[in-house]
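Architecture and fold: a report
One-letter residues, chain by chain:
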Amino acid sequence: MPMSPRTRSKSRRRERSAVAPLPPVSAEVGTASLSGSAPVFAALGDRTRLALLRHLSSEGRTSITRLTRGTRITRQAVTKHLHVLASAGLVTSSREGREQLWELTGEPLLEARRQLDLIASHWECALQRLKAHVER
Amino acid sequence: METSPALSDRIRRTIEIKAPIERVFRAITTESEFSTWFGIKVVSGSFRPGTEVRARSTHPGYEHIEFSIHIERLQPPHLFSWRWIPGAEQPKDEPTTLVQFTLEEIPVGTRVTITESGFDRLSLAYRAKAYKDNTGGWEYQANSLNAYVTQNS
C-alpha cells in the first residue's frame, strides 16, 4: 500500500525516538512505563480511529468494507487507520476466505488505560492534600 | 471495553474545597504553599507565565529527582497551567503534557479541577520512566531512571 508523504515522515519520527530497551522492572512495580503506551495514545488521538475502535468493539470481527459503509471516509483511509491501530497493537487482522477481517485486541488499550488511571490517582492524592492544606 | 475519546488523551479530576476561591488560588500559585502540599522543593524559578521552574521531589528516597515545570498561564482566581513531563529530567524539544488547574466558585467554597492532557503526543523516549502508586505520591524506579540516563547519554 503506497504511503502518503505524511505517513512516511511519521514513521521516520517514530524510529528516530526509539531508545534502548527498558531495564528489568521489579515485579512490585506492576504496570509498564507510561511512555511504553505512547504508541497507543498516539493511535487513539484521532477521531476516526476512535470511531473505528468503537465500531469494532460493537461489531466484533469486521471487514474494511463493512467499516467503510455508511461513512464518508474512503476505503484507503480506513485501511491506513487500521494499520496505525495495528502497529500500536490495538487491532489485529486475519484472512477469512477472500477477505481480511479486523478485530480489537485487549491488552494495549487496557495498559494505556491503566497508565492514565495511575496518573489520575496521583492527582486525586494531590487534590486531597490541597484540600487538607487549605481547610486546616 | 470502553473506547471513549476522553480516555485516550486526558485525565480530569475534581475536588470541592471549603474555602474562598482566592484562598485556594493562592495555595495553588504561591510557590511555598504549593510546595508544601504538592510535595516538592522549588530549586529555581517562580510561578510566572513563561518561566521554567526547576523542582525536586520531597518524597522520602526521591529527593535527588529534579524536574522542570514550564509555567503557562496564571489568571487569578480561575486558571493556572503548566507544561511538563511528569517526574522526568526534561530534554528539550520533547512533547509535554499540559496541566491545568481551573477553579470555580460554588456554594460550599471552591471547586478545583485538574486536567492533564497531551498523552497522545508523549515521546517514546520516555519509555524508561516508570511510575509507582504510593500513599506518598510520585515514586520512581530509581534504578531504571539511572540506567536510562546512562544508556542514553
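In this numbering scheme, every chain counts its residues from 1 along its sequence in written order. Chains and ligands are labelled sequentially in the order written, the chains with letters from A and the ligands with numbers from 1. With pLDDT at 70 or above as the cut-off, local features in this predicted model cover only qualifying residues; side-chain atom pairs require 80 or more to be listed or tallied, and sums for whole chains, interfaces and linings still use all residues. Only hydrogens and water are removed before side-chain values are computed, so all heavy atoms of the structure are retained for them.

**Description of the overall build of chain A**
Here is the rule: Think of it this way: any DSSP run of H or I at least four residues long counts as a helix, any run of E at least two long counts as a strand, and we number them from the N terminus. Think of it in three bands: with a 1.4 Å probe and only protein chains considered, a residue is buried below 20% of the maximum accessible area for its type, exposed above 50%, and partly exposed in between. Only the protein chains shown count as covering a residue, and every accessible area follows the Shrake-Rupley method with a 1.4 Å probe.
The number of helices and strands found in chain A is 6 helices and 3 strands. Starting at the N terminus, the α and β elements of chain A follow one another as α-α-α-β-α-α-β-β-α. In chain A, buried positions account for 38% of the 136 residues. Total accessible area computed for chain A in this model is approximately 7700 Å², and 51% of it derives from carbon and sulfur atoms.

**A short note on the pattern of salt bridges**
All names here are of chain A. Filter applied, for reference: Think of a salt bridge as a Lys or Arg side-chain nitrogen and an Asp or Glu carboxyl oxygen that are within 4 Å of each other.
According to the stated counting rule, one finds 10 salt bridges over all chains in the structure shown. In this structure, the salt-bridge partner of Arg61 is Glu103, at a minimum N-O distance of 3.5 Å. Highlighted residues: Arg61 in the loop between α3 (47–59) and β1 (62–63) and Glu103 in strand β3 (residues 99–104), separated in sequence by 42 residues. Accessibility expressed as a relative area gives 27% for Glu103, which makes it partly exposed.

**Quick look at the environment of A:Leu85**
Residues and elements named next belong to chain A. Basically, it comes down to this: Contact definition: two residues touch when any of their heavy atoms are within 4.5 Å.
Structurally, the position occupied by Leu85 is in helix α5 (residues 75–87). Classification of Leu85 by relative accessible area gives buried; the value is 0%. C-alpha separation for the pair Leu85 and Ala43, spaced 42 residues apart in sequence, amounts to 5.7 Å. With sequence-adjacent residues up to four places away left out, Leu85 is seen in contact with Ala43, Arg49, Leu52, Leu53, Leu90 and Val91.

**Points about the side chain of B:Ser46**
Residue and element names in this part refer to chain B. Just so we agree on the cut-off: Nitrogen and oxygen atoms within 3.5 Å of one another constitute a polar contact, given that in protein one can donate a hydrogen and the other can accept it, and given that sequence-neighbouring residues count only through two side-chain atoms.
Assignment of secondary structure puts Ser46 in the loop between β2 (40–44) and β3 (52–57). Judged by relative accessible area, Ser46 falls into the buried class, the value being 17%. Within polar-contact distance, the side chain of Ser46 engages the side chain of Arg48 at 2.8 Å.

**Side note on the confidence of the model for chain A**
Residues and elements named next belong to chain A. Selection criterion: Per residue, pLDDT measures the predictor's confidence, with a range of 0 to 100.
Averaged over chain A, the pLDDT score is 74; the fraction of residues at 70 or greater is 68%. When pLDDT is averaged over each helix and strand of chain A, the minimum, 47, is found for helix α1 (residues 5–16) and the maximum, 92, for α5. Here residues 11–32 scores under 50 on pLDDT; set against residues more than four positions off or in separate chains, the count is 31 contacts.

**Some details on unusual backbone geometry**
The omega torsion across B:Pro76 and B:Pro77 is -10°, close enough to zero to call that bond cis. Mapping B:Pro77 onto the fold places it in the loop between β4 (66–75) and β5 (79–84).

**Section: the nonpolar core**
Counted only if it meets this: Here the nonpolar core consists of buried residues drawn from Ala, Val, Leu, Ile, Met, Phe, Trp, Tyr and Cys, with membership extended through side-chain atoms lying within 4.5 Å.
Grouped together as the largest cluster of nonpolar side chains are 37 residues, with contacts concentrated most on A:Trp123, A:Leu130, B:Trp82, B:Phe101 and B:Val112. The element contributing the most residues to this core is helix α6 (residues 107–135) of chain A, with 8 residues. Ignoring sequence-local partners within four residues, the contact set of A:Leu130 consists of B:Ile17, B:Val24, B:Ala27, B:Ile28, B:Trp37 and B:Val112. Listed in part, the 17 residues of the second largest apolar core include A:Val40, A:Ala43, A:Leu50 and A:Leu90.

**Concerning the sheet that holds strand β2 (residues 91–96) of chain A**
Adjacent strands of a sheet form backbone hydrogen bonds with each other and so pair up, either parallel or antiparallel. All names here are of chain A. To be explicit about the condition: By the convention used here, strands pair only if DSSP detects at least 2 bridges between them. Inter-axis angles, ranging from 0 to 180 degrees, are taken between N-to-C directions of lines fitted to C-alpha atoms, where helices are fitted over the stretch in contact.
Taking strand neighbours across the sheet as the criterion, the 3 strands line up as β1-β3-β2 in an open arrangement whose pairing is antiparallel. Whereas interior strands pair on both sides, the edge strands pair on one side only; in this sheet they are β1 and β2. Sheet topology note: the β2/β3 ladder contains 6 bridges and is antiparallel. The partner of Glu96 across the bridge, within β3, is Glu99. Along the sheet, α3 makes contact with β1, β2 and β3, crossing β3 at roughly 95°.

**So, the sheet that holds β2(B)**
Residue and element names in this part refer to chain B. Taken in spatial order, the 7 strands line up as β1-β7-β6-β5-β4-β3-β2 in an open sheet, and their pairing is antiparallel. Where the open sheet ends on each side, the last strands, each with one partner, are β1 (10–17) and β2. Direction aside, neighbouring strands of the sheet carry axes that sit 30° apart on average. As paired elements, β1 and strand β7 (residues 109–117) share 8 bridges and run antiparallel to each other. Across the sheet, residue Arg10 finds its bridge partner in β7, namely Ser117. Along the sheet, helix α2 (residues 21–29) contacts β1, β4, β5, β6 (97–106) and β7; its crossing angle with β6, the most-contacted strand, is approximately 160°.

**Considerations on the pairing of β3(A)**
Residue and element names in this part refer to chain A. Where β1 and β3 come together, 2 bridges link them in antiparallel fashion. From the neighbouring strand, Thr62 faces β3, where its bridge partner is Trp102. In this antiparallel pair of consecutive strands, β2 and β3, the connection spans 2 residues, and Gly97 shows a positive phi of 65°.

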